[in-house]
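# Understanding the architecture of this molecule
Here is how the chains run, residue by residue.
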Amino acid sequence: MYENRILLFALLAFILAPISGAWSAGERVRYFIGIDGPVGAQDIGMVEAAGAEVRYAYSIVDAIAVEIPQAALSGIEQNPRVDRNDVGRPK
């Protein structure tokens, strides 16, 4: 199960990776945010309140694909619903 989750994240990262290589602090970037449990309305609201645009909410891997200001990620990681191991910039 864990291997399938990693494979799916890697595939999604490849598909959704931005073309630009610049990752400045003020730039909006695409991230996958892993959620501890099923994604709910409160999770969507939490990332939107941080300034993120929700691209897709996944149910199979309990994650949200977002476009978010780089500076807002540290605040998102502090939320207890966020699985910190799944927060990362697509390659």
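Scroll up to find the structure this text is about.
Residues numbered from 1 in each chain as written. Predicted model: local features only at pLDDT ≥ 70, side-chain atom pairs only at ≥ 80, totals over all residues. Heavy atoms only, no water.

## Regarding the pattern of salt bridges
Counted only if it meets this: A side-chain nitrogen of Lys or Arg and a carboxyl oxygen of Asp or Glu constitute a salt bridge if their distance falls within 4 Å. The numbering of helices and of strands both runs from the N terminus, where a helix is a DSSP run of H or I of at least 4 residues and a strand a run of E of at least 2. Using a 1.4 Å probe on the protein chains alone, a residue whose accessible area is under 20% of its type maximum counts as buried, one over 50% counts as exposed, and one in between counts as partly exposed.
The tally for this structure, following the rule as stated, stands at five salt bridges. Taking the shortest distance from any N to any O, the salt bridge between Arg 30 and Glu 67 comes out at 3.6 Å. With Arg 30 in strand E1 (residues 28-34) and Glu 67 in strand E3 (residues 63-69), this pair connects stretches of sequence that are 37 residues apart. Under the relative-accessibility criterion, Arg 30 is labelled partly exposed at 24%. Overall, the relative accessible area of 18% leaves Glu 67 in the buried class. Each member of the salt-bridge network shares a partner with another, and the members are Arg 28, Arg 30, Glu 53, Arg 55 and Glu 67.

## Let's talk about the nonpolar core
Note the cut-off: The term nonpolar core refers to a set of buried residues drawn from Ala, Val, Leu, Ile, Met, Phe, Trp, Tyr and Cys, joined through side-chain atoms within 4.5 Å.
The biggest cluster of nonpolar side chains holds 15 residues, and the ones touching the most others in it are Ile 33, Val 47, Val 66, Ile 68 and Ile 76. Put simply, the parts of the chain that give this core at least two residues each are E1, helix H2 (41-49), E3 and helix H3 (73-77). Counting residues in each nonpolar core, the second largest holds five residues, with Phe 32, Tyr 58, Val 61 and Ala 65 among its members.

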